[in-house]
Amino acid sequence: MSSATPVGHGLAAPNAQVGMSQAPRSANAPGPPLWLLLELTYRCPLHCVFCYNPTDFANTGPELGTGDWIRVLRQARALGAVQLGLSGGEPLAREDLEPIVAQAHTLGFYINLITSGIGMTEARIRALKAAGLDHIQLSFQDSTRELNDFLSSTRTFELKSKVAGLIRQYGYPMVLNVVLHRLNIDHVGEILEMAEALGAQYVELANTQYYGWAWLNREHLLPSRAQLERAEATTRRFRERVGTRMQIYFVVPDYFETRPKACMSGLGSVFLGIAPDGTALPCHAARMLPGLQLPNVRESDIRAIWYDSPAFNRFRGEAWMKEPCRSCPERARDFGGCRCHRTGGCRRRGRRARAGAGVSRSPHLDRRGAGRPRPAPLARHAPMALRRVLKMGEPMLREVAAAVTRFDAELAALVADMDDTMRALSGAGIAAPQIGVSARVVIFELHDNPRYPHLTPVPYTVLVNPVLTPLGSELDDGWEGCLSVPGLRGLVPRFRRLRYQGFDAHGAPIDRTVEGFHARVVQHEIDHLDGILFPQRVRDLRNFGFEEALTGQMTPMPD
């Protein structure tokens, strides 16, 4: 999700004062960090190919604890910070979000939550309102369920729509954010109509900025100039129709700009970001800059980081500029633009850094495509690393799993991990205990597959706290395999027809009557929740063995 600056609200006056005794500063010293962004976690249930999490985030340190975040809030507020963004990842994945908000409110921050909505319930939004949360920015990926869910690799559109209703119900301004790219920019008209139907007062159409995972996937995401111009024209017409009822912000991608943008009013000027592991950032993408040693709030206080750290001071002034930037008459107007593009962008294109390679005054500008990057294979990020699948003999696979009691961001993240792991191993289903989590959750799916033309497709299902009721006593024998019993197959009897009930990942009830292979898959997965593996169901061990040895004796089945 984007860590974009919230739209529709400027810096708000604090509603409380904090002592801010300060050491004398020179006339050339920067002002205070007015805008503080806390990236509370890199955890996120979405799988967006433009994700702004760092591509190596798995190698970052552990998340800051509640006490550390509160210490950062106090130090930044004492320094003069007034506007607070809470982002991620998905900040709702943090169980301590409410006390963090409450402390920020007490200190006098104007508090903005930047969220996908996953994990937001009425109880949670009521608690956040009581804690003092001022503002919620909700992200969508597109205007329809099919496209939104495809682009995020999750089934979240209907949940996001419900969260939008909660935002209105609890008196928050309706602020929507949609990240635009080649796959959805032609739907801008429909996206704006969706925003209007949801009662949005502010909409940010934020064209993808190409760093992090978006940089890896740039050739699949970067729109053409014609697409961009059509989207801008559509946006202008919509603005004319709605007038002042809706404020629409259209952020152009840097690759189609002819001047460097005045990023964050000059980096190191008003913005301070803190990553989940405590790394202090003068801009969202500073981690990717070569040779920049960033300070950490575990080791330094905010005052020392903001005023004294070499990393932050490197972003200020004009000494860092090369020609033609250093002699450009516009250097004081746009602050030299984005250091991440000027300092790191050329390096990322595979050549040594050249000043100004993205601006029209530069002799290094790629005029054929306004800096369009070279092709790269699509890289789907995995905010939660693929889990190790437990093998037969490990204790958890023999235990009865615990019932799920909360339908929240933690559950959504678990489902995302299960989904990633199942697909990576080409499985037809997986249960939470198989990845080491004692929870009564299974997922399963089988689409048309040329390897198994005899099998009826099974729709994608997340099933929580399932209850199974056989309909009749008739049994069918069928060959089964399992990700936890790799390489082995067995002939297993299962009820031919049954009813299963439970809930989906958002707590909506499920009640289905099925038969055949669908019924077999459900029984196999629910067995895992009760500590049973399919070999325990094999009645004749002559029909159990290694897959390669049984070739020709059995009907092929997926794991």
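A quick note: this is a predicted structure, and the numbers were derived from the prediction, not measured.

## Remarks on the sheet that holds strand E10 (residues 429-431)
For step 1, the next point in the chain: On the basis of which strands lie adjacent, the open sheet formed by 5 strands has the order E10-E11-E12-E15-E16 and antiparallel pairing. Every interior strand has two partners, whereas the edge strands, E10 and strand E16 (509-515), have only one. Across the sheet, the mean angle from the axis of one strand to that of its neighbour is 35 degrees, orientation sign disregarded.
For step 2, the next point in the chain: Of the strand pairs in this sheet, E10 and strand E11 (residues 441-446) are connected by 3 bridges, and their pairing is antiparallel.

## Points about the nonpolar core
For step 1, the next point in the chain: Membership of the largest hydrophobic core comes to 93 residues, with the highest contact counts inside it found for Leu36, Leu38, Leu86, Leu205 and Ile274.
For step 2, the next point in the chain: For this core, the element with the most residues is helix H5 (residues 157-169), which contributes 6 residues.
For step 3, the next point in the chain: Apart from the residues lying within four places of it in its own chain, the contact partners of leucine 36 are Leu73, Ala76, Ala81, Gln83, Leu84, Gly85, Phe109, Leu272 and Ile274.

## Re the pattern of salt bridges
For step 1, the next point in the chain: Under the definition given, this model contains 25 salt bridges.
For step 2, the next point in the chain: Two residues, glutamate 63 and arginine 43, come together in a salt bridge whose shortest N-O distance is 3.1 Å. A residue pair is termed long-range when its members are at least 10 positions apart, and glutamate 63 in the loop between strand E1 (35-39) and helix H1 (66-79) and arginine 43 in the loop between E1 and H1 qualify at 20 residues.
For step 3, the next point in the chain: Residue glutamate 63 is classed as partly exposed on the basis of its relative accessible area of 29%.
For step 4, the next point in the chain: Take arginine 43: its relative accessible area is 32%, and that puts it in the partly exposed class.
For step 5, the next point in the chain: Among the salt bridges present, the one from aspartate 511 reaches arginine 499, with a minimum N-O distance of 2.6 Å. Here aspartate 511 is found in strand E16, whereas its partner arginine 499 is found in strand E15 (residues 497-503), with 12 residues between them in sequence.
For step 6, the next point in the chain: By relative accessible area, which is 46% here, aspartate 511 ends up partly exposed.

## Quick word on the packing of helix H2 (residues 97-107) against helix H3 (residues 122-131)
For step 1, the next point in the chain: It is at 8 Å that the axes of H2 and H3 come closest, and there the two elements cross at 20 degrees. With respect to each other, H2 and H3 are oriented roughly parallel. Crossing angle aside, the handedness with which H2 passes H3 is right-handed. Each of Leu97, Glu98, Val101, Ala102 and His105 in H2 lies in contact with H3, whose residues at this interface are Arg124, Ala127, Leu128 and Ala131.
For step 2, the next point in the chain: Tallied by class, residues from the contact of H2 with H3 come to 6 nonpolar, 1 polar and 2 charged.

## Some points on the pairing of strand E14 (residues 485-495)
For step 1, the next point in the chain: With 8 of 11 residues buried, E14 lies mostly within the body of the structure.
For step 2, the next point in the chain: Once strand E13 (residues 475-482) ends, the chain turns through 2 residues before running back antiparallel as E14.
For step 3, the next point in the chain: Alignment of E14 against strand E17 (residues 544-546), held across 3 bridges, turns out to be antiparallel. The residue bridging leucine 488 from the neighbouring strand is phenylalanine 546, located in E17.

Reading the values: rules and limits
- Here, residues in each chain are numbered from 1, in the same order as that chain's written sequence.
- Selection of residues for local features in this predicted model requires a pLDDT of at least 70, selection of side-chain atom pairs for listing and counting requires 80 or more, and totals for whole chains, interfaces and linings are taken over all residues.
- As a convention, hydrogens and water are excluded, and side-chain values are obtained from all of the structure's heavy atoms.
- Pairing between two strands is assigned when DSSP locates at least 2 bridges connecting them.
- Secondary structure counts use DSSP, requiring at least four H or I residues in a row for a helix and at least two E residues in a row for a strand, with both numbered from the N terminus.
- Between N-to-C directions, angles cover 0 to 180 degrees, with each direction set by a line fitted to C-alpha atoms, over the stretch in contact for helices.
- We define the nonpolar core as a collection of buried residues of types Ala, Val, Leu, Ile, Met, Phe, Trp, Tyr and Cys that are connected through side-chain atoms lying within 4.5 Å of one another.
- Classification of residues uses two cut-offs on accessible area relative to the type maximum, computed with a 1.4 Å probe and protein chains only: under 20% is buried, over 50% is exposed, and between them is partly exposed.
- Note on contacts: a residue pair is in contact if any heavy atoms of the two residues lie within 4.5 Å.
- We count a salt bridge whenever a side-chain nitrogen from Lys or Arg sits within 4 Å of a carboxyl oxygen from Asp or Glu.
- Each angle is binned into one of four classes, with values under 35 degrees roughly parallel, values over 145 roughly antiparallel, values of 65 to 115 roughly perpendicular, and all other values oblique.
- Crossing handedness: left-handed means the near helix sits turned counterclockwise from the far one by under a right angle, and right-handed means the same turn made clockwise.
- Residues are grouped as follows: nonpolar covers Ala, Val, Leu, Ile, Met, Phe, Trp, Tyr, Cys and Pro; charged covers Asp, Glu, Lys and Arg; every other residue, Gly included, is treated as polar.

By themselves these figures say nothing about function.
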